[in-house]
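Chain by chain, the residues:
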Amino acid sequence: RYIAQGEVRLTRDALRERERLLRDLPGLVERAGYLFPLRQGQFPGRWPMTAVLSLYDFLAGIRDHRFLPTEEVLKRVPGLDSSGLRGAMSYTDALTDDCRLVMRTLLEGARHGGVAQNYARVVQAERSEKREQGFSVTVEDRVSGELSTLKATAVVSATGAWADRFSGTEARVRPLRGSHLFIDPAVLPVNDCLTVMHPEDGRPVFVFPWEGVTCVGTTDLDHPQDMDIEAAASDREVVYLLKLINTQFPGRNVTREHIYSTIAGVRPVIASGKGVDPSKERRDHAVWGDNGIVTVSGGKLTTFRLIALDALLATGLIDDKEHRRSQKSKARGVGPIENAPEAVEGVRHADLSLIVIL
């Protein structure tokens, strides 16, 4: 989809970082096979998909795509609608448990001398009158209610869909909700990850096995609701995804009773300001600043390391040479931030090189 939208650089960066994660985190990030069914009269056909996947593999530095005939597709995906089916393109991508990936990253940061504080809220961040003294950040312990003051040379706000609250600049984030359904695998069994087109709007939707159940998603809608209330799949999204399932698997008769649960999240997408359809917004990240505080938002989970490097460059903690080297380096990260305190808990007054608000 990103290649079709002209986002070749984003695709290249994401694929290179994906291969890095597959190499560095076996068991946490795993390569997975995907099937893209090809149907008569449905774009893209076999040869356009072959061209796109050839570029896709080239950017990743692998060669993993091939064509599967109709008979093999129906054997691998029982119950798939056979009408107009002309085979499928097989390719690979990756799957990860995003919660475990985030925890692994935080723990590695702590191992390198960083300090992670959960259940803490930034109340205020101020730049000192003498700029060389950096920032004072007031933090509230959400359990005890105690306030603490931290000092830092640089502050990065990496608050995702909440970034506009803290940036001090005009709003730049367009919150978009994505929802998934978890379906009884006895009713909808799949062994491969499927990429199928929704009959209403032609959007690609995934159907794949996940932790013993079948997951279907995602949607892509504006999320105007209060960001402090946990996002939830709407009735409209449930209907939308059920329609996809029963169009692609007409004999399964999947209903609401077969849904084990739903999950929803809000993507922080950088708004183009053009009022385009949510799915057509670019997925690039942006780094900007106000009064010395660096804000970063947008982007893809896969490229989190590159996003972090751009944020570090904006703070001045690394220079252009280190930024370029680390983008291409096969080493893990850019090394520990100097002068970080050793304690992981109980930080009350500390002088830090960098505070990242998540």
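Residues numbered from 1 in each chain as written. Predicted model: local features only at pLDDT ≥ 70, side-chain atom pairs only at ≥ 80, totals over all residues. Heavy atoms only, no water.

1. Topic: the packing of helix H1 (residues 8–24) against helix H7 (residues 304–315)
In contact at an axis separation of 9 Å, H1 and H7 are set at 110 degrees when each is read in the N-to-C sense. When the interaxial angle is binned, H1 and H7 end up roughly perpendicular. The residues of H7 that touch H1, namely those facing Asp 13, Glu 17, Arg 20 and Leu 21, are Phe 304, Arg 305 and Leu 306. (Axes fitted to C-alpha atoms, helices over the stretch in contact; angles between N-to-C directions. Helix = DSSP H or I, 4+ residues; strand = E, 2+ residues; numbered from the N terminus. Parallel < 35°, antiparallel > 145°, perpendicular 65-115°, else oblique. Contact = heavy atoms within 4.5 Å.)

2. Examining the pairing of strand S1 (residues 29–39)
Taken across its 11 residues, S1 has 8 buried, putting it largely inside the fold. Here S1 runs beside strand S3 (residues 85–96); their pairing, made up of 10 bridges, is antiparallel. Bridge assignment links Phe 36 to a residue of S3, and that residue is Met 89. Sheet analysis places S1 next to strand S8 (residues 193–197), joined by 2 bridges and oriented parallel. Residue Leu 35 lies in a different strand from S8, and its bridge partner there is Leu 194. (Buried < 20%, exposed > 50% of the residue type's maximum accessible area, 1.4 Å probe, protein only. Pairing = 2+ DSSP bridges.)

3. Details of the nonpolar core
Ranked by internal contacts, the top residues of the largest apolar core, which has 26 residues, are Leu 181, Ile 183, Leu 194, Val 207, Val 216 and Ile 245. Going through the elements one at a time, S3, strand S7 (173–183), S8, strand S9 (204–210) and helix H6 (235–248) are the ones with two or more residues in this core. If you tally residues by element for this core, the top one is H6, at 6 residues. Residues contacting Leu 194, with those up to four places away along its chain left out, are Leu 35, Val 77, Val 205, Phe 206, Val 207 and Phe 249. Formed by 20 residues, the second largest nonpolar core is a distinct cluster that contains Ile 3, Leu 59, Met 89 and Cys 215. (Core = buried A, V, L, I, M, F, W, Y, C linked by side-chain atoms within 4.5 Å.)

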